[in-house]
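Secondary and tertiary structure notes
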Amino acid sequence: MKAVILAAGEGSRMRPLTYTRPKVMLPLANKPILEHLLDQLREAGITEYLFVVGYCDQQLRDYFGRGEKWGVEISYANQRKQQGTADALRSVEGLVEGNFLLLNGDVLVKAEHIKKLVAVGGNAMSVVQVKDPVGLGVVESKEGKAVHIYEKMEKPPTNLANAGLYSFNQDVFKALMLTPKSPRGEYEITDTLQLLIDTHHDVSVMEIDQWTDLSYPWDLLGANENILKNITPLNLGLVEPNVTLKGPVSIGKNTVVKSGAYLVGPIIIGDNCDIGPNCYIRPYTSIGDKCHIGAAVEVKNSIIMRGSKVPHLNYVGDSVIGEGCNFGA
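These remarks concern the structure in this document.

Basis of the calculations
- Note that residues are indexed from 1 along each chain, following the sequence as it is written.
- Owing to the predicted nature of the model, reporting of local features is limited to residues with pLDDT of at least 70; listing and counting of side-chain atom pairs is limited to 80 or more, with chain, interface and lining totals taken over all residues.
- With hydrogens and water set aside, each side-chain value is computed from the structure's full complement of heavy atoms.
- Put simply, DSSP H or I for four residues or longer makes a helix, DSSP E for two residues or longer makes a strand, and each gets a number counted from the N terminus.
- Think of it in three bands: residues with accessible area under 20% of the maximum for their type are buried, residues over 50% are exposed, and the middle band is partly exposed, with areas taken using a 1.4 Å probe on protein chains only.
- The contact definition used throughout considers only heavy atoms, calling two residues in contact when any of these lie within 4.5 Å.
- For accessible areas, the Shrake-Rupley method is used with a probe of radius 1.4 Å. Any residue's cover is judged against the shown protein chains and nothing else.
- Note that His is not counted, nor are the chain ends; the positive residues are Lys and Arg, and the negative ones are Asp and Glu.
- In this description, the location of a charge corresponds to atom NZ of lysine, CZ of arginine, CG of aspartate or CD of glutamate.
- In this analysis an axis means a line fitted to C-alpha atoms, helices contributing only their contacting stretch, and an angle means the value between N-to-C directions, from 0 to 180 degrees.
- Every angle not falling under 35 degrees, over 145, or within 65 to 115 is termed oblique; those three ranges are roughly parallel, roughly antiparallel and roughly perpendicular.
- Each crossing is labelled by how the near helix is turned from the far one, with a counterclockwise turn of less than a right angle marking it left-handed and a clockwise turn marking it right-handed.
- Residue type decides the class: Asp, Glu, Lys and Arg count as charged, Ala, Val, Leu, Ile, Met, Phe, Trp, Tyr, Cys and Pro as nonpolar, and the leftover types, Gly among them, as polar.
- Pairing between two strands requires that DSSP report at least two bridges joining them.
- By definition, the arc is the one covered by directions from the helix axis to the C-beta atoms.

Before going further, it helps to spend a moment on the overall build of the chain. For the chain, the count of helices and strands is seven helices and 27 strands. Taking the principal axes of its C-alpha atoms as reference, the chain extends roughly 70 × 40 × 35 Å. A burial count over the chain gives 52% of its 329 residues as buried. Restricting the contact set of the chain to residue pairs at least 6 apart, pairs at least 24 apart contribute 50%. By element, 48% of the accessible surface of the chain is carried by carbon and sulfur atoms, the whole surface being about 14,800 Å². Within the chain, one finds 33 positive and 37 negative side-chain charges whose respective centroids are separated by 4 Å.

The structure is reproduced here in structure tokens:
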């Protein structure tokens, strides 16, 4: 089965982080969101992928190539103008056969959920119980089938949120041709699903127990924390004497952790970094490649992207720092 990944959008609610990259390329634990999704799909046995790209698409093409690094096959389709998820799916008509998966490129799901969806077959969608469904698409179901899909209502009738993970057969392309523009001026995949339901096509509903909504920059911190909880300690750099490492800490190639540094995991530090001396890095921190954390600096629960420098006498907490930033003392 082929997986179609929607990765064409900018992710305007993530601005300014997405001014220079697509949302799916924002890092969590030093890997793009999309790579975490790809890892789970691959674990579920999916080996063929079609990425629908548009905004800053060359970054995705350069990073993922044809999938050789992951032992999979990746091809690309262009959505020239971002006009919604249904419009993105139209761009792959004729490029997929039989049943296929469709996933938003910014979702984080587990391989076990993907396997269950594959087993359901036909037209199906995943949902998740949420405490507050306001601002989310929600699904009304009966006997395991979707009855109605509501998009971002003030008073949603259910707590079953659309998790952005679908299985489709070729019937979906007929419904796509009939999908009108939404009030937001886009072609929405949820409207396409409602058309399938209204024309007596079964759309199965599969509930999953874990899902991460990545809408705003601060959502990255919770997702980063969840991923870091499962990292494997690894030291590919140089740790000088009198450095304290507690808990799982991953250190990249050519990174130097200088004397007096106190690191409490889970933490991940990229390649070619300069850490310390005498700094304090607290749990759930991701530090990208070519970063500098200087003397008397404290960092906790933060994402510091590639090439940023936090020199002496700084505190960074609960923050997302973009690429190439340089902090004064």
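Here the focus is the packing of helix 1 (residues 33-43) against helix 2 (residues 57-64). Relative orientation of the contacting elements helix 1 and helix 2 amounts to 45 degrees, with a least axis distance of 12 Å. Taken together, the axes of helix 1 and helix 2 lie oblique to each other. The crossing of helix 1 and helix 2 is right-handed. Contacts between helix 1 and helix 2 involve L34, E35 and L38 from the former and L60, Y63 and F64 from the latter. Looking at the contact of helix 1 with helix 2 residue by residue, the classes come out as five nonpolar, no polar and one charged.

Let us look at the sheet that holds strand 13 (residues 238-239). Taking strand neighbours across the sheet as the criterion, the five strands line up as 13-16-19-22-25 in an open arrangement whose pairing is parallel. Here the strands that pair on one side only, and so sit at the sheet edges, are strand 13 and strand 25 (309-310). Where strand 13 and strand 16 (residues 256-257) come together, two bridges link them in parallel fashion. Residue V239 lies in a different strand from strand 16, and its bridge partner there is V257.

Let us now look at the pairing of strand 1 (residues 2-7). In terms of residue burial, strand 1 counts as a mostly covered element, since five of its six residues are buried. Judged from the five bridges that link them, strand 1 and strand 6 (residues 100-104) form a sheet pairing that is parallel. Its bridge partner being in strand 6, I5 is matched across the sheet by L103. Alignment of strand 1 against strand 4 (residues 48-53), held across six bridges, turns out to be parallel.

What follows deals with helix 4 (residues 111-120). For an α-helix, the turn length of 3.6 residues means that residues three or four places apart are oriented alike. By the burial criterion, the buried members of helix 4 are A111, H113, I114 and L117. Projected down its long axis, helix 4 shows its buried positions confined to an angular sector of 160 degrees, all on one face. Of the surrounding secondary structure, the elements contacted by the buried residues of helix 4 are helix 1, strand 6, strand 7 (124-129), strand 10 (160-168) and strand 11 (204-208). Among the residues trailing helix 4, G121 stands out with phi positive, at a value near 70 degrees.

Worth remembering: the numbers are spatial, not functional.
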